[in-house]
There are 2 protein chains.
Amino acid sequence: MLSTLHEEIIVIDGNQINNWDREVFEELSAGGLTCVQATCAVWEDARGAVGTLGRWFQMFREHDDLIMHVRSVDDIVTAKTVGKVGIVLGFQNASPIEDDLSLVEVFHRLGIRVMQLTYNIQNHIGASCYEPNDAGLTRFGRAVVREMNHCGMLVDLSHVGERTSLDVIELSERPVAITHANPMWFYPSPRNKSDAVIRALADGGGVIGCTVYPNFIGGHETQLGDFCAMIERLVETIGIEHVAIGTDSTRKCTAEDLSWLRNGRWRFTNGQEPPSWPRWPEWFRSPADFPNITGGLLDRGFSRHDVEAIMGGNWLRLFKQTFEPMG
Amino acid sequence: MLSTLHEEIIVIDGNQINNWDREVFEELSAGGLTCVQATCAVWEDARGAVGTLGRWFQMFREHDDLIMHVRSVDDIVTAKTVGKVGIVLGFQNASPIEDDLSLVEVFHRLGIRVMQLTYNIQNHIGASCYEPNDAGLTRFGRAVVREMNHCGMLVDLSHVGERTSLDVIELSERPVAITHANPMWFYPSPRNKSDAVIRALADGGGVIGCTVYPNFIGGHETQLGDFCAMIERLVETIGIEHVAIGTDSTRKCTAEDLSWLRNGRWRFTNGQEPPSWPRWPEWFRSPADFPNITGGLLDRGFSRHDVEAIMGGNWLRLFKQTFEPMG
């Protein structure tokens, strides 16, 4: 039952931030993934992001047998049909658009379909979830959300602060996403989300991708059953159509990569040892373990229909609602 | 006869470098132009070019009633059908790709379909026509030409030096262009082209766009009849299918713009007065005068078929052969 169902359905991971190479693409394929939203920028400016996209386009040519660039729901369906892993390119920060509103369309034309408004520090758009004070969405931020709505770029609030998130949800004409976070009640981290934000997101038609990242589930010893129980309670609270998966997989990322993600150029590390990556749970050591989540949901008693929604169907619907330019 | 023919055929200008605004777009429309290859970069690096493209995408939205972005021959045919001026975006220098080969695909995806390999000074690809010595196409240059062939970006040699041009023509798997220059025998300027280059270009299936820029026709007093006689002799030499128009129109460009085009950042102007623009001939004061060229060719005795080829058909064929990625 498990392997058959997992193979049949469209499986989408709302976010991964791996150090991408052929072995990682093979893991995605082994995990039966139809589509992954891949992070292409965290602290990069426009030039840096353009360079990273250039390398992605090379990877699409080099690993054409395993992966394909997807820009629409039709492309994702094609990926499923031809048995490749579809890659949705996304940013985890608005740094690539700098202070230039016209770069939203530039990056949309290059295939960027998801942009998180802030990474781990406040920027010219709003506050991150780690700021002690959140003054909400700025004037430029309002223009960026409207332009993302217009061009067809999904707004991601995963690392965004509470007040800024609520402002965005109120303003956005299209539903938005939390691609990789859990409810605060499951594990208390600034990166997990309050009921207020999650309910507002769902009321606006949005989707939250539950993350397996160890620091946001309470460590590697947290069991698959606990993770699936969290999903069950979340579904009871906001409805089946608003819950999905966004693992935040960090395959092949080094300690230096983690230091870059955490500190960027904004904090001196003063010769400290680079931080170390947390240990992942046994039931999700890599994206190749994706079928375990499908299995866990079935064990929890979810119907086939509900598993299909959580494992990919809800992302697919949200992407359909947000990836095309407005007429 | 004139107005009817000019209105019926697809009219393409191989190059314009105006200071683009609504009035200029209205001039293109008044001139009955179906399509213009518009210069988006001369000295800009990747970041600068991305910013300029962002502004172009805004112009396409703002002046949607007059212009449209064209990326293929099908788009150009659509422009003719709906009565808009199609804009092919191009670079007059390889500076936007810097030393990053992957940026050829990035800019192709953004719509750039033509790139001149050098502007007015030598770069990492080859020599400009103004260099005293031309060492030919470099190793990086060979990689760039191959990548442009692969991605579907037309190589432009208008400002490129003699030996570099001959190397490119020999290497390129697809025909190449001189979008805006005249034969050296018509007027002796380093920017005009030797018989050797023009014949090699034509042998490889390429097209030369004859320019009206005053400095390359011998000044504003040169008559339309002389210009059309030049075209006639060129057609006799290399065949009707290799000759087209590329005016190098510079509408609304200021003296400061001319200083930037000539000197960029590579030469200090030491407080000199900015140079002044040459006076354009009475028969081509702006792109609105485009029907005069059609008239001049008819007066010279060209057939309807030949006028159609020179005024747009030849560019259309070359674009068809060069704008799509290789399979």
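Calculation criteria
Residues numbered from 1 in each chain as written. Chains lettered and ligands numbered in written order. Predicted model: local features only at pLDDT ≥ 70, side-chain atom pairs only at ≥ 80, totals over all residues. Heavy atoms only, no water. Salt bridge = Lys/Arg side-chain N within 4 Å of Asp/Glu carboxyl O. Helix = DSSP H or I, 4+ residues; strand = E, 2+ residues; numbered from the N terminus. Buried < 20%, exposed > 50% of the residue type's maximum accessible area, 1.4 Å probe, protein only. Least-squares fit on C-alpha atoms with pLDDT ≥ 70 in both. Contact = heavy atoms within 4.5 Å. Right-handed = clockwise from strand over helix to strand, strands pointing away. Pairing = 2+ DSSP bridges. pLDDT = per-residue confidence, 0-100. Buried area = accessible area lost by both parts, 1.4 Å probe. Polar contact = N/O pair within 3.5 Å; in protein donor to acceptor, adjacent residues only side chain to side chain.

Summed over all chains, the structure comprises 32 salt bridges over all chains. For Arg61(A), the salt bridge identified is with Glu147(B), shortest N-O distance 2.8 Å. Placement of Arg61(A) in helix H3 (residues 46-62) and of Glu147(B) in helix H6 (residues 139-151) is noted, with the two residues assigned to different chains. The class for Glu147(B) is buried, based on a relative accessible area of 9%. Its salt-bridge partner being Arg61(B), residue Glu105(A) comes within 2.7 Å of it at the nearest N-O pair. Here Arg61(B) lies in helix H3 (residues 46-62) and Glu105(A) lies in helix H5 (residues 103-109), a pairing that spans two chains. Connected through shared salt-bridge partners, Arg61(A), Glu105(B), Arg109(B) and Glu147(B) make up one network.

Overlaying chain A with chain B gives an RMSD of 0.0 Å, the required rotation being 180° about an axis along which the chain moves by 0.0 Å. Taken together, the turn and the small shift mark the pair as related by a two-fold rotation axis. Nearest to the rotation axis, the C-alpha of Arg47(A) is located 2.7 Å from it, this being the minimum over chain A. With an isologous cut-off of 70% or more, the 100% of interface residues of chain A that recur at the interface of chain B puts this contact in the isologous class.

Residues and elements named next belong to chain B. Residue alternation in strand S8 (residues 207-210) divides its side chains into two sets, Val207 and Gly209 and Ile208 and Cys210, and both sets are buried. You can see the chain leave strand S7 (residues 177-178), run along helix H8 (residues 195-203) and come back into S8, and the turn it takes is right-handed. Note that S8 and strand S9 (residues 243-245) share three bridges and pair parallel. Bridging from a neighbouring strand, Cys210 pairs with Ile245 of S9.

So, about the confidence of the model for chain A. The predicted model of chain A averages 97 in pLDDT, with 99% of residues at 70 or higher. Two summary scores accompany this predicted model of the complex, namely pTM at 0.95 and ipTM at 0.91.

This part is about the interface of chain A and chain B. If you look at the interface, chain A gives 23 residues, while chain B gives 23 residues. Between chain A and chain B the total buried area reaches about 1,900 Å² when both faces are included, carbon and sulfur atoms providing 53% of it. Its largest share of buried area at the contact with chain B, chain A owes to Arg47(A), Arg61(A) and Arg109(A), together 33% of the area lost on that side. Along the contact surface separating chain A from chain B lie eight salt bridges. With a shortest N-O distance of 3.0 Å, Glu98(B) and Arg47(A) are connected by a salt bridge. In this assembly, chain A and chain B are joined by eight residue pairs in polar contact (both at pLDDT 80 or more).

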